[in-house]
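Read off the chains here:
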Amino acid sequence: MRRRLGAALVLVTALVLTACSPASRFDDDADGVTTVTLRLWDTQVAAAYRRSFDAFSAANPDIRVELVQVPFKDYFTSLPLDVASGTATDIYWVNSSNFGALADAGRLIDIGSALADQRAGWVPAAADQYSRGGTLWGVPAVTDGRIALFYNKDLVRAAGVDPTTLRWDPTDPARDTLLPAARRLTADATGRTADQPGFDPRTVRRYGFNAARDLQAIYVNFLASAGGRLQAPDETFDLATPAGEQAFGYLVNMIDTERVAPSAADTNQNPDFSRDQFLRGRIALFQSGTYNLANIAEGATFDWGIAPMVEGPRGRSAWCRASWPPATPTARGVRRSCGCCAGWDRRRVPPRSATAAPGCPR
């Protein structure tokens, strides 16, 4: 179900159960162990899941779980093809943008019924995103938590920028602190910043902010903090509004006119471009979520910090993602494995790996 944005919307990555996989997949192996397959896109979470499923298999020796990792850029291109051909994994991650078509096509299991005894402990806002036609189609395995602003301490200190007080506001330039800060943090090959005479936007070696095409960390948050919404109650997009023009106009201005954010040519086809540039010290302010916390903690070679996400004309409004899985109705071990995703070791994995928060904390 697509929903109007409120002050905070949890976007859950759901585990869904395949409703029509080949029956032969569930034959016991020679050793009497049933193998269940799970597909996901996140490297950090895959490592955390591996540890959790190892413990699960130790407690359930008749079930083996195999992980299949597919890069996000290819994930939702290949998934429908795999599902249609009957070669999809038993359980797979989906997001709220892609689960509807699978549910409508009868490809998923009614999780609300299959795991009814576990549902009481799941985050309601996460479960709502994977409910359609009154049926719950996914298990809220993990949520991404809140969006935040990662910053390079040395760069913001040198520029005299306080990352905790940044605000964008095209209606009141006197209150807009994000654009002036981004100008001071953006530098060309000679070291001139974007607020200085002689700045050459053709030779930028460091950008101030990541105004990239990022639905979760940038687009929806800017839109909601201007008082807008992504979709109308009839599920049509609702972007051609004064709030939408403010939000997207501001972002485009940062990229194309002010040149304080990387170009669309760099970021549109590579969703990790901004993160990688931040880790190289070539972006000073990086708005992202907990899904990048481990990457930054492990990859940054400089002192960095975390501040609240950038404020907008209507305050701060975050969109946070959660993840879920599906399974076949007859597969022995699949439901138990899916239940593991929602309950096994949930307070430690993946939170201890700094990848996400549990979608079913109770």
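That block above? That's the structure.
As a starting point, this report considers the structure included with it. (Residues numbered from 1 in each chain as written. Predicted model: local features only at pLDDT ≥ 70, side-chain atom pairs only at ≥ 80, totals over all residues. Heavy atoms only, no water.)

This part takes up the sheet that holds strand β8 (residues 147-152). If you trace the five strands from one edge of the open sheet to the other, you get β9-β10-β11-β8-β12, paired in mixed fashion. Across the chains shown, the open sheet's two edge strands, defined by having one partner strand only, are β9 (187-188) and β12 (304-308). Where β9 meets strand β10 (residues 204-209), two bridges bridge the pair, whose relative direction is antiparallel. Counted as the bridge partner of A187 is R206 from β10. Across the sheet, helix α7 (residues 178-185) touches β9, β10 and β11 (283-289), and the angle it forms with β10 is around 160°. Its contacts with the sheet place helix α8 (residues 215-225) against β8, β10 and β11, and it is angled at close to 85° to β11. (Pairing = 2+ DSSP bridges. Helix = DSSP H or I, 4+ residues; strand = E, 2+ residues; numbered from the N terminus. Contact = heavy atoms within 4.5 Å. Axes fitted to C-alpha atoms, helices over the stretch in contact; angles between N-to-C directions.)

All told, the structure shown has 19 aromatic pairs when counted by the stated rule. With a centroid separation of 4.9 Å and 85° between ring planes, the pair formed by W41 and Y75 is classed as edge-to-face. Placement of W41 in the loop between β2 (34-40) and α1 (43-59) and of Y75 in helix α2 (residues 72-85) is noted, with a sequence separation of 34 residues between them. W41 sits in the buried class, given a relative accessible area of 11%. Ring geometry for W168 and Y250: centres 5.2 Å apart, planes at 55°, overall tilted. One end of the pair, W168, is in the loop between α6 (153-159) and α7; the other, Y250, is in helix α9 (residues 242-257), and 82 residues separate them in sequence. Accessibility expressed as a relative area gives 0% for W168, which makes it buried. For the cation-ring pair, R39 lies above Y75, with the distance from its terminal atom to the ring centre recorded as 4.4 Å. (Phe/Tyr/Trp six-rings, centres within 6.5 Å; stacked < 30°, edge-to-face > 60°. Buried < 20%, exposed > 50% of the residue type's maximum accessible area, 1.4 Å probe, protein only. Lys NZ or Arg CZ within 6 Å of the ring centre and 35° of its normal.)

The next subject is the packing of α8 against α9. Their axes nearest at 8 Å, the elements α8 and α9 cross at an angle of 135°. Put simply, α8 runs oblique to α9. As α8 runs across α9, the sense of the crossing is right-handed. Across the interface between the two elements, I218, Y219, F222 and L223 from α8 touch A243, G244, A247, F248, Y250 and L251 from α9. Classifying every residue of the contact of α8 with α9 by side-chain character gives nine nonpolar, one polar and no charged. (Parallel < 35°, antiparallel > 145°, perpendicular 65-115°, else oblique. Left-handed = near helix turned anticlockwise from the far one by under 90°. Nonpolar A, V, L, I, M, F, W, Y, C, P; charged D, E, K, R; others polar.)

Moving on: the nonpolar core. Core analysis: the largest hydrophobic core is formed by 46 residues, its most contacted members being L178, F209, F222, M254 and L285. Secondary-structure elements contributing two or more residues to this core are β8, α6, α7, β10, α8, α9, α11 (273-279) and β11. Per element, the largest residue contribution to this core is six residues, and it comes from α9. Filtering out sequence-adjacent residues up to four positions away, F209 remains in contact with L149, L178, I218, F222, M254, V260, A261, P262, I283, L285, Q287 and V310. Residues W41, Y49, F53 and A88 belong to the second largest nonpolar core, which totals 33 residues. (Core = buried A, V, L, I, M, F, W, Y, C linked by side-chain atoms within 4.5 Å.)

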